[in-house]
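# Observations on the model geometry
For reference, the chains in residue letters:
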Amino acid sequence: MSAQTSSTAGAFRTAVVPAAGLGTRFLPTTKAVPKELLPVVDTPGIELVAAEAAAAGADRLLIVTSPGKESVAAYFRDDSELVETLEARGKGALAEKIRRAPGLLAVDSVYQYEPKGLGHAVAQAGPALADDEQAVAVLLPDDLVLGSGGGDSGVLARMAEVRATHGGSVLCAFDIPREQISAYGVFDVSDTGDDDVKQVHGMVEKPDAEDAPSTFAAAGRYLLDRAIFDALDRITPGSGGELQLTDAVALLISEGHPVHVVVHSGGRHDLGNPAGYARAYVDFMLQHPEYGEDLRGWLTDRLKD
């Protein structure tokens, strides 16, 4: 199979969520509860990511998991008995919340039996795609990508538009202050006719601020041409024996495969560490119609101390 662009159609049907990690930064909780099921207020992060994918047109969520984390996919199973019990008790609004996740999209899972990097995780999804699927979305569950006013981001839909125009693969980026850029993977880009779209020529991991090729940093959203799976077969493992998705993207760029980024103007939360998770929880709680006002008052008083 050639590593050239297999289609310029922007649409995708499958959204891949790599969720095989141990969640070591949340131990000991993650001994029993997968990190992806930790609630942001009352909704697990994995459901928020699934809702984002569904809103952008995906009809299937493919979870890359590991043995012992079957509860992540199980969360999306229909629970009609619980729904009926809640409705019988007059708790219709709560019953609707229980229906929400199973109604978003179909959910399947594949296994990553060894922790060999993000590229290796994404590669496990290849055989599960239908023959006519020419693009696949990848959403990292640690990243919540927000709209400019919070809520659904629309960034995946915008990425699909860019792929339909330019072909190839499209990634999401944020414009980060240069003094903070050394904490990120940074794109080497050139301008296009759209202010929010840049063509990617390469990527540098965690450069010094003065050496960074731009201030556009990678976020956890990818819309990848199916050619990525051939590239993943041809790259060599890096440190720790891991296959890096960015190495596969770099290989495609070197072979003339178009890669662009959409520079997203909305917000972002990192659910992958306790500090980022706490910020996301507070942010979502402040927007909650029932709890937000009370929390805002408590925080105001607490911060005075």
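Going by the structure above, here's the rest.
All of these numbers come straight from a predicted model, not from anything done at the bench. Along each chain, the written sequence defines residue order, and numbers are assigned to residues from 1. Owing to the predicted nature of the model, reporting of local features is limited to residues with pLDDT of at least 70; listing and counting of side-chain atom pairs is limited to 80 or more, with chain, interface and lining totals taken over all residues. Only hydrogens and water are set aside; all other atoms, that is, all heavy atoms of the structure, feed into the side-chain values.

### Re the overall build of the protein
Basically, it comes down to this: Helix and strand assignments follow DSSP, with helices taken as H or I runs no shorter than four residues and strands as E runs no shorter than two, numbered in order from the N terminus. Just to be clear, the radius of gyration here is over C-alpha atoms, and the globule rule we use is 2.2 Å times residues to the power 0.38. Each residue's exposure class comes from its accessible area (1.4 Å probe, protein chains only) as a fraction of the maximum for that residue type: buried when under 20%, exposed when over 50%, partly exposed otherwise.
Counting secondary structure elements, the protein contains ten helices and 13 strands. The C-alpha radius of gyration of the protein comes to 20 Å, within 12% of the 19 Å expected for a compact globule of 305 residues. With the C-alpha coordinates aligned to their principal axes, the bounding extent of the protein is approximately 60 × 50 × 40 Å. For the protein, the residues scored as buried account for 47% of the 305 residues in total.

### A short note on the pairing of strand 10 (residues 197–205)
Quick reminder of the rule: We call two strands paired when DSSP finds no fewer than two bridges between them.
With seven bridges connecting them, strand 9 (residues 185–191) and strand 10 associate as antiparallel partners. Bridging across to strand 10, aspartate 188 finds its partner in glycine 202. Joining the antiparallel neighbours strand 9 and strand 10 is a turn of five residues.

### Description of the packing of helix 3 (residues 80–88) against helix 4 (residues 92–104)
Inclusion rule: Helix axes use the C-alpha atoms of the stretch in contact, all axes being lines fitted to C-alpha atoms, and the angles between their N-to-C directions lie in the range 0 to 180 degrees. Any angle that is under 35 degrees is reported as roughly parallel, and any over 145 degrees as roughly antiparallel; angles of 65 to 115 degrees are reported as roughly perpendicular and all others as oblique. Helix crossings fall into two classes, left-handed where the near helix is turned counterclockwise from the far one by less than a right angle and right-handed where it is turned clockwise. Contact definition: two residues touch when any of their heavy atoms are within 4.5 Å.
Interaxial distance between helix 3 and helix 4 falls to 8 Å at its minimum, and their mutual angle equals 165°. Judged on the interaxial angle alone, helix 4 and helix 3 are roughly antiparallel. Our pair here, helix 3 against helix 4, has a crossing hand that is left-handed. Along the contact surface, helix 3 presents Leu82, Val83, Leu86 and Glu87, while helix 4 presents Leu94, Ala95, Ile98 and Arg99.

### Observations regarding the side chain of threonine 30
Filter applied, for reference: Here a polar contact means two N or O atoms within 3.5 Å. Within protein one must be a hydrogen donor candidate and the other an acceptor candidate, and residues neighboring in sequence count only if both atoms are side-chain atoms.
With respect to the helices, strands and loops of the structure, threonine 30 is situated in the loop between strand 1 (14–18) and strand 2 (39–40). We classify threonine 30 as buried; its relative accessible area is 11%. Reaching out from threonine 30, the side chain makes a polar contact with the backbone nitrogen of leucine 27 at a distance of 3.4 Å. Those residues within four positions of threonine 30 in sequence are excluded, and the remaining contacts are Leu22, Gly23 and Lys35.

### Notes on the environment of aspartate 211
Within the fold, aspartate 211 resides in the loop between strand 10 and strand 11 (216–225). Classification of aspartate 211 by relative accessible area gives exposed; the value is 53%. For aspartate 211 and proline 141, which are 70 residues apart along the polypeptide, the C-alpha to C-alpha distance reads 30 Å.

### A look at helix 8 (residues 245–254)
By the burial criterion, the buried members of helix 8 are Leu245, Ala248, Val249, Leu251, Leu252 and Ile253. Those residues of helix 8 that are buried lie in contact with helix 5 (118–123), strand 10, strand 11, helix 7 (227–234) and strand 12 (259–263). Two residues or fewer past helix 8, glycine 256 is found with a positive phi of approximately 90°.

### What to know about the pattern of salt bridges
Condition: Salt bridges are defined as contacts in which a side-chain nitrogen from Lys or Arg sits within 4 Å of a carboxyl oxygen from Asp or Glu.
Here the structure, examined in full by the defined rule, presents 20 salt bridges. Glutamate 52 is paired through a salt bridge with arginine 221; the nearest N and O atoms lie 2.9 Å apart. Taken together, the residues glutamate 52 in helix 1 (residues 45–55) and arginine 221 in strand 11 connect sequence positions 169 residues apart. For the pair formed by glutamate 52 and arginine 221, the shared burial category is buried. Notably, a salt bridge pairs glutamate 96 with arginine 99, separated by 3.0 Å at the nearest N-O pair. With glutamate 96 and arginine 99 both in helix 4, this residue pair falls three residues apart, about one helical turn. Residues joined in a network through salt bridges with shared partners are Arg158, Glu161, Asp194 and Asp196.

### Section: the packing of helix 1 against helix 4
One way to put it is that helix 1 packs onto helix 4 with a least axis distance of 9 Å and a crossing angle of 50°. Compared by their axis directions, helix 1 and helix 4 come out oblique. With respect to the hand of their crossing, helix 1 and helix 4 are arranged in left-handed fashion. Counting all contacts with helix 1, which are made through Glu47, Ala50, Ala51 and Ala54, the residues of helix 4 involved are Arg100, Ala101 and Leu104.

### Quick notes on the side chain of lysine 35
Looking at the element boundaries, lysine 35 is found in the loop between strand 1 and strand 2. The exposure class assigned to lysine 35 is buried, which follows from its relative accessible area of 17%. A distance of 3.1 Å separates the side chain of lysine 35 from the side chain of aspartate 142, its partner in a polar contact. In this structure lysine 35 touches Gly23, Phe26, Thr30, Asp142, Leu271 and Gly272, once residues within four positions along its chain are discounted.

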